[in-house]
Amino acid sequence: MKLVSDPPITKKISKMERRVKWQDPLILERKIDQTRLEIEDGKAGDREFSFLVVGDSGSGKHRGHNPQRQVAELMLPHHQECRFLLHTGDVIYLVGSSEYYKPNFIEPYRELIVGGENHHQITYDKMVFKLPILPVPGNHDYYELPPLLSLLSISTWPIRTLLRSRLDIDIGFHGSGTGDAYAKAFLDYLNIRQLPGEFPRHLDTHYTAKTDTGRCLVYQPGKFTRLPNRYYTFRYGDIDFFALDSNTFNDPEPLPATKQGDSDRNMLNQRREDLEREKMQMLETSAKLNPDNPVEAERLDDIHSNVSQIEEIIVDIDKQLNKDSQPAHTDTEQLDWLKQRLIASWNNPQVRGRIVYFHHPPYVTEATKWLQSQTLVIRSRLRDVLDAVAQEIGDINQGRPLVDLVLNGHAHCLEYLQTYDTGHGDRHMQWIVCGGSGYSLRRQRQEGADLIEQGQLIARSHLYIGRNGQGYQKHRPYSCLRIDVKGDDQPKFIIRPFVADWYQRQWHNSVLKPLVI
């Protein structure tokens, strides 16, 4: 029994394009760049500024505690000093359903939303942010419910098992609509503007900023806070930020129709069956536990984490078991856009740095992610882009990394890594995984901090904050970041991790020693 279903990449792209009226004749006529954003706060020219980062936050209350709200409270003393908040994806668990935006997003982040003091009256598609919240979609923001989870199938044994379980799994009665809820919450959903004259008036009102790539959308904190597209770029403090949708270039190639491919397919099928069996046993066990008992509540939290982890592995296996033997569909338009914009950024003397953020991390030491097929393919495709950029710009970067900082989520932890000489354009870069802001945390892999590829050390983890310890000594350290941008021609980043540790059924908050990179 699958709890979630991941729509095909072609479906994700086409539906998102329709929602923003991608390349509509009226948009082309006005020479509007639908991937560009300008934050109009009167401070975008400041070279020293701060911003916040969260990721994988969109869960409801856990047994006896609400980690997402605790993390939000850690950020509150800083939001007046910070210019915006970047979200690395998975805004809403488990399937990005609109019905969970109120408890899983609006309520915990109410101080950042206009009218948040009356947060129960705010609808997910009418949010206006006091502090700009600039997300990228995560896989859960696209997920759908499989047919088995429809009401018509409520009599089946797996469904009865799920309903009988005591797990806090925020599934609801429908899925994300292939990202429809995310689009209505954050994007400028142009497809709803159907009244005569409304669409052109809207474009002439909000797409007024003039840039070197055309007119673009103006983001006005407290007034109009919408994003132009599922991937986009903006410039702040002479630093170019690139927000990507990694859900549309994370499909691995299908297994080949060879003897080795058949052997790998059989092995994956067997592993999938074992995982499904293990998951059902966990659901059966959870049905016997009492959530009002503190010890059993802790065990329920562990089972919840393990079930969601198994579900992600099953989705990854299903991507590899692609039956059609056709090449994987890849969002080449977005990847080419990133390449061209990075090249243009390096050729612009006014730009002093580059930050890229997206959901799936190419480098990570969380226990289940390093060898996932999605991790491998994301790393390969990002390398292709950066290799092409390096070839095009020559020695313009004078030895500097092509990107100053990469921010990711997906792995439920906080981690800081550095790449070494990978042989590609991602060499000597700084990587931060911020995916521990509310959903079930994960442990670091047993192999440790060094990442090896073909016998060569290519990256090392210098900080890992995730689930650790056993039994009553178990720590659940949820986290977020404040990043201070310093320096002049070449920026420096001061990374301040904030941690709320759920330990022995009490919160223990701390601010870790800053990282300077």
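Residues numbered from 1 in each chain as written. Predicted model: local features only at pLDDT ≥ 70, side-chain atom pairs only at ≥ 80, totals over all residues. Heavy atoms only, no water.

Colleague: Describe the overall build of the protein chain, with residues and values.
Modeller: Of the regular secondary structure elements, the protein chain holds 11 helices and 18 strands. Its C-alpha atoms give the protein chain a radius of gyration of 22 Å, within 12% of the compact-globule value 24 Å for 517 residues. The principal-axis extents of the C-alpha atoms in the protein chain amount to approximately 60 × 55 × 50 Å. The buried share of the protein chain, taken over its 517 residues, is 60%. Sequence-distant contacts in the protein chain: of pairs separated by 6 or more residues, those separated by 24 or more amount to 77%. A total accessible area of about 20,700 Å² is found for the protein chain, and carbon and sulfur atoms account for 49% of it. Across the protein chain, the centroid of the 65 positively charged side chains sits 2 Å from that of the 69 negatively charged ones. (Helix = DSSP H or I, 4+ residues; strand = E, 2+ residues; numbered from the N terminus. Rg over C-alpha atoms; globule rule 2.2 N^0.38 Å. Buried < 20%, exposed > 50% of the residue type's maximum accessible area, 1.4 Å probe, protein only. Contact = heavy atoms within 4.5 Å. Areas by Shrake-Rupley, 256 points an atom, 1.4 Å probe, with all protein chains shown as cover. Lys, Arg positive; Asp, Glu negative; His and termini not counted. Charge placed at Lys NZ, Arg CZ, Asp CG, Glu CD.)

Colleague: Could you give me a rundown of the sheet that holds strand β8 (residues 239-243), with the residues and numbers involved?
Modeller: Spatially, 11 strands are ordered β5-β6-β1-β7-β8-β9-β10-β12-β11-β14-β13 in an open sheet, and the strand pairing comes out mixed. The two strands at the open ends of the sheet, each matched to only one other strand, are β5 (209-211) and β13 (450-453). The sheet shows a mean angle of 25 degrees between the axes of neighbouring strands, direction not considered. Direction of pairing for β8 relative to strand β9 (residues 353-357): parallel, over a ladder of 5 bridges. Bridging from a neighbouring strand, phenylalanine 241 pairs with isoleucine 355 of β9. Across the sheet, helix α7 (residues 198-206) is in contact with β1 (32-39) and β6 (214-219); its angle to β6 comes to roughly 85 degrees. Each of β1, β7 (232-236), β8 and β9 touches helix α10 (residues 332-346); the most contacted strand, β8, lies at about 175 degrees to it. (Pairing = 2+ DSSP bridges. Axes fitted to C-alpha atoms, helices over the stretch in contact; angles between N-to-C directions.)

Colleague: So what's going on with the nonpolar core? Residues and values would help.
Modeller: Phe51, Tyr101, Phe105, Leu134 and Phe234 are the most contacted members of the largest nonpolar core, which totals 116 residues. A per-element tally of this core places helix α11 (residues 373-393) first, with 7 residues. In contact with leucine 134, not counting residues within four places along its chain, are Leu37, Ile39, Phe84, Leu85, Leu86, His87, Tyr219, Leu227, Tyr232, Phe234 and Tyr357. Judged by nonpolar contacts, the second largest core, of 24 residues, contains Val4, Tyr93, Leu255 and Leu283. (Core = buried A, V, L, I, M, F, W, Y, C linked by side-chain atoms within 4.5 Å.)

Colleague: Tell me about the state of the cysteines, and name the residues and values.
Modeller: Taken as a whole and judged by the stated rule, the model has 0 disulfides. Cysteine 82 takes part in no disulfide bond, and the closest cysteine sulfur, belonging to cysteine 480, lies 9.8 Å away. Residue cysteine 434 stays outside any disulfide, its sulfur separated by 6.9 Å from that of cysteine 480, the closest cysteine. (Disulfide = S-S within 2.5 Å.)

Colleague: Outline the layout of surface pockets, supporting the account with residue identities and numerical values.
Modeller: In this structure, the largest pocket occupies an estimated 580 Å³ of space. Taken together, 28 residues form the lining of the largest pocket, with Arg271, Gln309, Ile313, Ala367 and Thr368 sitting closest to its centre. Where the lining of the largest pocket is concerned, the elements lending two or more residues are α8 (259-286) and α9 (294-320). Per-element tally for the lining of the largest pocket: the top contributor is α9, with 9 residues. Here the residues of the lining of the largest pocket sort into 10 nonpolar, 7 polar and 11 charged. (1 Å grid on protein atoms, 1.4 Å probe; cavity = no way out; pocket = protein on both sides within 12 Å on 5 of 7 lines; lining within 4 Å. Points joined across faces, edges and corners; volume = space filled by probe spheres on them. Nonpolar A, V, L, I, M, F, W, Y, C, P; charged D, E, K, R; others polar.)

Colleague: Tell me about unusual backbone geometry, and please be specific about residues and values.
Modeller: Each neighbour pair has its own omega, and for tyrosine 93 with leucine 94 the value is 0 degrees, a cis peptide bond. Mapped onto the fold, leucine 94 is located in the loop between β3 (85-87) and α4 (101-106). Unlike most non-glycine residues, lysine 21 shows phi in positive territory, near 50 degrees. Within the secondary structure, lysine 21 sits in the loop between α1 (9-19) and α2 (25-29). On the basis of relative accessible area, lysine 21 is assigned to the buried category, the value being 16%.

Colleague: How would you sum up the side chain of serine 308? Please name residues and give values.
Modeller: Here serine 308 is to be found in helix α9. Overall, the relative accessible area of 8% leaves serine 308 in the buried class.

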